[in-house]
Amino acid sequence: MHRVDLLCGVGLVLFGFLLIFLVIPMATEDGMHFGLPPTFFPTLLSTGMVVCAAGLAIHAAYRIRSGAERRPVPITGWNLLMFASSMALVVTGVIIIDLLNIIVGGPLLIAGFMVFLGERNLLRILATSTLPVAAVYFLAIHVLRTPLP
């Protein structure tokens, strides 16, 4: 377990540095020359990830060096299957929102997650999946006067 933590920590540190120094500068454009640059928040989040990953790697290295007792891996195959299924549901929802629009895709995504997590009450599913999307749509279109995907 400690070796996995060490490898994951080092891998995340390297991935964070890749984001900070290569991906974020290449994927953003210059702003309007006032306020914060468009690279600020992605760089800030990536720096936070690097700091946390470095902490994980250092902690794991100390645990390995001290010969601490190894714990079994807490993630089972069922956990990985549930994670993969939920990620597939998210990607499917994003694709539907992109192809149709948020009015159709938003409620489908929310309803799909509710069914995936075990909700079977049709009235609750309909209310929970449609009302928030309608509120966001009304707020964006009529109050903020901005288009939605």
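Conventions adopted
Residues numbered from 1 in each chain as written. Predicted model: local features only at pLDDT ≥ 70, side-chain atom pairs only at ≥ 80, totals over all residues. Heavy atoms only, no water. Helix = DSSP H or I, 4+ residues; strand = E, 2+ residues; numbered from the N terminus. Rg over C-alpha atoms; globule rule 2.2 N^0.38 Å. Buried < 20%, exposed > 50% of the residue type's maximum accessible area, 1.4 Å probe, protein only. Contact = heavy atoms within 4.5 Å. Areas by Shrake-Rupley, 256 points an atom, 1.4 Å probe, with all protein chains shown as cover. Phe/Tyr/Trp six-rings, centres within 6.5 Å; stacked < 30°, edge-to-face > 60°.

A. Region of the structure containing the overall build of the protein. Looking only at helices and strands, the protein features five helices and zero strands. Shown N-terminal to C-terminal, the secondary structure of the protein runs as helices and strands in the order α-α-α-α-α. Relative to the 2.2 N^0.38 estimate, which gives 15 Å for 149 residues, the radius of gyration of the protein is 21 Å and therefore markedly larger than a compact globule would have. By principal-axis analysis of the C-alpha atoms, the protein measures approximately 60 × 50 × 20 Å. Across the 149 residues that make up the protein, the buried fraction comes to 17%. The contacts of the protein with a sequence gap of at least 6 include a subset with a gap of at least 24, amounting to 57%. Accessible area of the protein: about 11,100 Å², with a carbon and sulfur share of 74%.

B. Summary view of the packing of aromatic side chains. This structure, assessed with the given rule, holds three aromatic pairs. Between Phe40 and Phe41 the ring centres are 5.0 Å apart and the planes differ by 75°, which places this aromatic pair in the edge-to-face class. What makes Phe40 partly exposed here is its relative accessible area of 34%. Summarising the aromatic geometry, the rings of Phe113 and Phe116 are spaced 6.3 Å apart at their centres and angled 85° between planes, so their arrangement reads as edge-to-face. Placement of the pair is Phe113 and Phe116 together in helix H4 (residues 102-116), with a separation of three residues, close to one helical turn. Accessibility expressed as a relative area gives 23% for Phe113, which makes it partly exposed. Judged by its relative accessible area of 29%, Phe116 is partly exposed.

The analysis is restricted to geometry; functional conclusions fall outside its scope.
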